[in-house]
There are 2 protein chains.
Amino acid sequence: MPSELRIFADEPGDTREEIMQATYRALSEHGYTDLSIQRIGEEFEKSTSLLYHHYDTKDELLMELLQFVLDRIEAQVPLREGATAYEQLRFSIEFVTGGLFAEDQARVVATLMELRSQALHDPAYRERFTEYDQFLHDWFVEVITTGIDSGVFHDVDPDATAEFLLTISEGTASRHMTTDGIDLEAIRREAKRYVDSHLLAEDGEEIASV
Amino acid sequence: MPSELRIFADEPGDTREEIMQATYRALSEHGYTDLSIQRIGEEFEKSTSLLYHHYDTKDELLMELLQFVLDRIEAQVPLREGATAYEQLRFSIEFVTGGLFAEDQARVVATLMELRSQALHDPAYRERFTEYDQFLHDWFVEVITTGIDSGVFHDVDPDATAEFLLTISEGTASRHMTTDGIDLEAIRREAKRYVDSHLLAEDGEEIASV
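Predicted model, so just to flag it, every value in this text is computed and none were measured.

Of the regular secondary structure elements, chain A holds 10 helices and 0 strands. What you see in chain A, going N to C, is helices and strands ordered as α-α-α-α-α-α-α-α-α-α. Judged by the C-alpha coordinates and their principal axes, chain A covers about 65 × 35 × 30 Å. When burial is assessed residue by residue, chain A has 54% of its 210 residues classed as buried. In chain A, 70% of the contacts between residues at least 6 apart in sequence involve partners at least 24 apart.

The following block contains the structure:
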């Protein structure tokens, strides 16, 4: 997991990226329900008619934005060079219970939650979030499997453990973005405790700190 | 936790309950964005003008529905008579990773998720979901504290443990309702493992089965 997510460069590279950035801004500003191509046009430096020329509905723009955002996130969730599997998991727990919600990042999370809620009744959104969760699941499985192979972790079920960690991540984001008073620090501590007691082999911490 | 949630009686008790049921049905059918008082009227056996007389916006109806649904849920989350704290937690884990998503229940969960996503940009929804999460947090704290007092559980931090369990519950609901392929059984098993390894005292299981 990265320490920060960057979805947009300061200077958009091409017209498509400009359109995506305008869509992202308009969605952040107005929310899904009040979004319209007209309002996306207000965030777009070129002519709104260019948008109408390429897109018939706001959902076409939003599905493309979703793909764009998820591609960028997926490209930024690499295995960290030189970190052990144990460190990778601890980084990721710290990130999803902390850094993920810092300023600009929180807008990305809010955007994803806004779009995720469309998956309740729109199969296209559901399909895309299924792929995204699968990507994150596979990332966790890869880290856990690496840890098992190197003797840092016990021989646990990587898939079940990945599902659990991903669920904690999603629950933390949902609760943090929609309520006040969630105790992120407590969730971080309990998630680390789960990793330590369930995954970490007797001598894993020593291996981890070599 | 109950084994099923019932929000509406088969025969609505009064006009308010009829209005709430119509709002619930219309929201399930159309989703938040496409909902209108007109569409709620189509689910309502009495005159739509009655709705317009009492409510200016769909959000007024939805805030009242949210309160109605949460009140009903809160009234159905009692401590189970005769169950130990350990059994209560296991029931609740089984419920939030299984029974909660059975048929009619899933519509309740979808409704709550739809309304929760409004909390991303509407403080009134955010306030209500903060209270709801606090209610569920307090329920977990009560169970955990009872378990500590009776010697079934270790002397853990009830608040931190409650936050963690609540986050798992919310993450499970969000992922299950918006993606395909979540492994509920794995999450259930890992959540139980957390309870067993973190909370359960050495002799807790014996006390639990007395």
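Moving on, we come to the relation of the copies chain A and chain B. Look at the two chain copies: a rotation about an axis and a shift along it is all it takes to match them. For the pair chain A and chain B, the best superposition has an RMSD of 0.0 Å and corresponds to a rotation of 180° with a translation of 0.0 Å parallel to the axis. On the angle and the small slide along the axis, the relation comes out as a two-fold axis. Among all residues of chain A, the minimum C-alpha distance to the rotation axis is found for Gly171(A), at 1.7 Å.

All names here are of chain B. Take Glu17: it is sitting in helix H1 (residues 15-30). Judged by its relative accessible area of 9%, Glu17 is buried. Setting aside chain neighbours within four positions, we find Glu17 in contact with Phe8, Ala9, Pro12, Phe68 and Arg72.

Here we come to the packing of helix H5 (residues 85-96) of chain A against helix H7 (residues 123-149) of chain A. All names here are of chain A. Remark: H5 packs on H7, axes separated minimally by 8 Å, with the N-to-C direction vectors making an angle of 145°. Together, Ala85, Gln88, Leu89 and Ser92 of H5 and Trp139, Phe140, Val143, Ile144, Thr146 and Gly147 of H7 make up the contact between the two elements. Among the residues making up the contact of H5 with H7, the classes are represented as 6 nonpolar, 4 polar and no charged.

How large an interface is tends to be reported as the accessible area lost when its parts come together. Residue-level contacts link 46 residues of chain A with 45 residues of chain B. Note on chain A versus chain B: buried area summed over both sides is about 3,800 Å², and carbon and sulfur give 57% of it. For the pair chain A and chain B, the number of links is 8 salt bridges. Of the charged contacts, one joins Asp180(B) and Arg126(A) as a salt bridge, the two residues approaching to 3.0 Å between their closest N and O atoms. One can count 29 residue pairs in polar contact (both at pLDDT 80 or more) joining chain A with chain B. At the level of elements, helix H6 (103-118), H7, helix H8 (158-178) and helix H9 (184-199) of chain A are the ones that each hand at least two residues to the side of chain A that touches chain B. Counting residues per element, the side of chain A that touches chain B draws most heavily on H8(A), which supplies 15 residues. Across the side of chain A that touches chain B, the residue classes tally to 16 nonpolar, 16 polar and 14 charged.

Residue and element names in this part refer to chain B. Remark: helix H7 (residues 123-149) packs on helix H8 (residues 158-178), axes separated minimally by 8 Å, with the N-to-C direction vectors making an angle of 125°. In terms of orientation, H7 and H8 fall into the oblique class. Seen along the crossing, H7 lies across H8 with a hand that is right-handed. Taken together, the residues of H8 that come into contact with H7 (itself represented by Asp133, Leu136, His137, Phe140, Val141, Ile144, Thr145 and Ile148) are Pro158, Asp159, Thr161, Ala162, Glu163, Leu165 and Leu166. Class assignment of the residues belonging to the contact of H7 with H8 gives a composition of 9 nonpolar, 3 polar and 3 charged.

Take helix H1 (residues 15-30) of chain A next. All names here are of chain A. Taking 1.5 Å of rise per residue, the 16 residues of H1 would be expected to cover 22 Å, and the 22 Å separating its terminal C-alpha atoms lies within 8% of that figure. Among the residues making up H1, those that are buried are Glu17, Ile19, Met20, Gln21, Ala22, Thr23, Tyr24, Ala26 and Leu27. The inward-facing, buried residues of H1 contact helix H2 (37-42), helix H3 (48-54), helix H4 (58-75) and H6.

In this structure the tally under the stated criterion is 9 aromatic pairs over all chains. The interplanar angle of 20° and the centroid separation of 5.4 Å between the aromatic rings of Phe8(A) and Phe68(A) together place this pair among those described as stacked. Of this pair, Phe8(A) sits in the segment before H1 while Phe68(A) is found in helix H4, placing the two residues 60 residues apart along the sequence. Note on accessibility: Phe8(A) and Phe68(A) belong to one class, buried. Judged by centre distance (4.6 Å) and plane angle (55°), the rings of Phe164(A) and Tyr194(A) are tilted. Placement of Phe164(A) in helix H8 and of Tyr194(A) in helix H9 is noted, with a sequence separation of 30 residues between them. According to the relative accessible area criterion, Tyr194(A) is buried, its value standing at 2%. In this structure an aromatic cluster arises from ring pairing among Phe164(A), Tyr194(A), Phe164(B) and Tyr194(B). Just above the ring of Tyr32(A) sits the side chain of Lys58(A); from NZ or CZ to the centre is 4.2 Å.

Across soluble globular proteins, nonpolar side chains have a tendency to be buried as a group. By size, the foremost hydrophobic cluster in this structure holds 139 residues, and its most contacted members are Ile73(A) and Ile73(B). Setting aside its immediate chain neighbours within four residues, Ile73(A) contacts Leu5(A), Ile7(A), Val108(A), Leu112(A) and Tyr132(A).

Calculation rules
- Residues numbered from 1 in each chain as written.
- Chains lettered and ligands numbered in written order.
- Predicted model: local features only at pLDDT ≥ 70, side-chain atom pairs only at ≥ 80, totals over all residues.
- Heavy atoms only, no water.
- Helix = DSSP H or I, 4+ residues; strand = E, 2+ residues; numbered from the N terminus.
- Buried < 20%, exposed > 50% of the residue type's maximum accessible area, 1.4 Å probe, protein only.
- Contact = heavy atoms within 4.5 Å.
- Least-squares fit on C-alpha atoms with pLDDT ≥ 70 in both.
- Axes fitted to C-alpha atoms, helices over the stretch in contact; angles between N-to-C directions.
- Nonpolar A, V, L, I, M, F, W, Y, C, P; charged D, E, K, R; others polar.
- Buried area = accessible area lost by both parts, 1.4 Å probe.
- Salt bridge = Lys/Arg side-chain N within 4 Å of Asp/Glu carboxyl O.
- Polar contact = N/O pair within 3.5 Å; in protein donor to acceptor, adjacent residues only side chain to side chain.
- Parallel < 35°, antiparallel > 145°, perpendicular 65-115°, else oblique.
- Left-handed = near helix turned anticlockwise from the far one by under 90°.
- Expected span 1.5 Å × (residues − 1).
- Phe/Tyr/Trp six-rings, centres within 6.5 Å; stacked < 30°, edge-to-face > 60°.
- Lys NZ or Arg CZ within 6 Å of the ring centre and 35° of its normal.
- Core = buried A, V, L, I, M, F, W, Y, C linked by side-chain atoms within 4.5 Å.

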